[in-house]
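Structural overview
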Amino acid sequence: RCHVLCGRWFIDPNVGYITQSLGHRAAVDLVHGHLPWWNYFEGLGQPLAGEMQSAALFPLTVLFALPSGLVWFHVSLEVIAGVSTYFLAKRLSIPVIFATAAGVLFALNGTFSWLGNAVLNPVAFLPMLLLGIEMIHDAARNRTNKGWYVTAIAVALSLYAGFPEVAYIDGVFAGGWAIVRLFTGPREYLLVTARRLGLAGIVGTVLALPIIVPFYDFYKVAFIGSHTGALDG
């Protein structure tokens, strides 16, 4: 019933085959006090956290333990995306009415509307990542330490969210944003800003090690299909 309904709601049926089924498996393990390292119900067994698309260690995955967990999971991502976009727009000195419109539009963008699988998960944290960069940029001028922790949390959650390809694309975009902001600000704050950006990236990556390590271990032995073409080149 799940994948039939999901097929009606979303373009990609993986939302039922993978996102909801593996997410529920991980959530049940977490609710019962077990770390979701292994899926005993797929063939002879397979890593659950390491295969990434389950988003097994992503904090919001516990919502899949609820009867309507998929809905609440996506609503939560949209709220995070919308609120982060609003505060990002406000920090860029955009009037409240337009900042609100920007938050609503991003929260209801086509990716959230049409896709329901793990591809969309890291998208919700792109505005938070950019917000953190802006906070670091402003904090350097105000001689405070605010902002770097927001960036670190955004980096970590993007990796935990279950689709490293999208997290990578978000990271490339955010890196370009950070470079532009770094060299458009006062030169006397360049070193401080760069140091805090580096600190945020390192801390975010360290926080995400519990998912990066199992993903890397599974990647070494997993069948990755047509993705091997990129490696052979």
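Everything in this summary refers to the structure shown in the same document. (Residues numbered from 1 in each chain as written. Predicted model: local features only at pLDDT ≥ 70, side-chain atom pairs only at ≥ 80, totals over all residues. Heavy atoms only, no water.)

**Regarding the packing of helix 6 (residues 126–142) against helix 7 (residues 148–160)**
Under the convention used in this document: Comment: axis = line fitted to C-alpha atoms, over the contacting stretch for helices; angle = value between 0 and 180 degrees taken between N-to-C directions. In this description a helix means any DSSP run of H or I spanning at least four residues, a strand means any run of E spanning at least two, and both kinds are numbered starting from the N terminus. When describing relative orientation, an angle under 35 degrees is termed roughly parallel and one over 145 degrees roughly antiparallel, while 65 to 115 degrees is termed roughly perpendicular and anything else oblique. In this scheme the crossing of two helices becomes right-handed for a clockwise turn of the near helix relative to the far one and left-handed for an anticlockwise turn of less than a right angle. Every residue pair with non-hydrogen atoms within 4.5 Å of one another is taken to be in contact. Residues are grouped as follows: Ala, Val, Leu, Ile, Met, Phe, Trp, Tyr, Cys and Pro are nonpolar; Asp, Glu, Lys and Arg are charged; all remaining types, including Gly, are polar.
Helix 7 packs onto helix 6 with a crossing angle of 160° between their chain directions and a minimal axis gap of 7 Å. Between helix 6 and helix 7, the crossing angle belongs to the class labelled roughly antiparallel. Judged by the twist between their axes, the crossing of helix 6 over helix 7 is left-handed. Mapping the contact onto sequence places M128, L129, G132, I133, M135 and I136 in helix 6 and W148, Y149, V150, T151, I153, A154 and V155 in helix 7. Taken together, the residues that form the contact of helix 6 with helix 7 break down as 11 nonpolar, two polar and no charged.

**As for helix 7**
Filter applied, for reference: How far a helix is expected to stretch is found by multiplying one less than its residue total by 1.5 Å. Three labels apply to residues, based on accessible area from a 1.4 Å probe with only protein chains included: buried if under 20% of the type maximum, exposed if over 50%, partly exposed otherwise in between.
For helix 7, built from 13 residues, the straight-helix expectation of 18 Å at 1.5 Å per residue is met to within 8% by its first-to-last C-alpha distance of 19 Å. Every buried residue of helix 7 is listed here: V150, T151, A152, A154, V155, A156, L157, S158 and Y160. On the buried face of helix 7, the contacting elements are helix 6, helix 8 (164–184), helix 9 (190–207) and helix 10 (209–219). Where helix 7 ends, the next residue or the one after it, G162, has phi of about 110°, a positive value.

**Examining the pattern of salt bridges**
Between side chains of opposite charge, pairing is possible as soon as their charged atoms come close. The line we're drawing: For salt bridges, the criterion is a side-chain nitrogen of Lys or Arg within 4 Å of an Asp or Glu carboxyl oxygen.
Counting across every chain of the model gives four salt bridges. Here R181 ties to E134 by a salt bridge, and the two come within 2.8 Å at their closest N and O atoms. One end of the pair, R181, is in helix 8; the other, E134, is in helix 6, and 47 residues separate them in sequence. For E134, a relative accessible area of 1% gives the class buried. The shortest N-O distance in the salt bridge between K220 and D217 comes to 3.8 Å. Given a relative accessible area of 53%, K220 falls into the exposed group. Judged by its relative accessible area of 40%, D217 falls in the partly exposed class.

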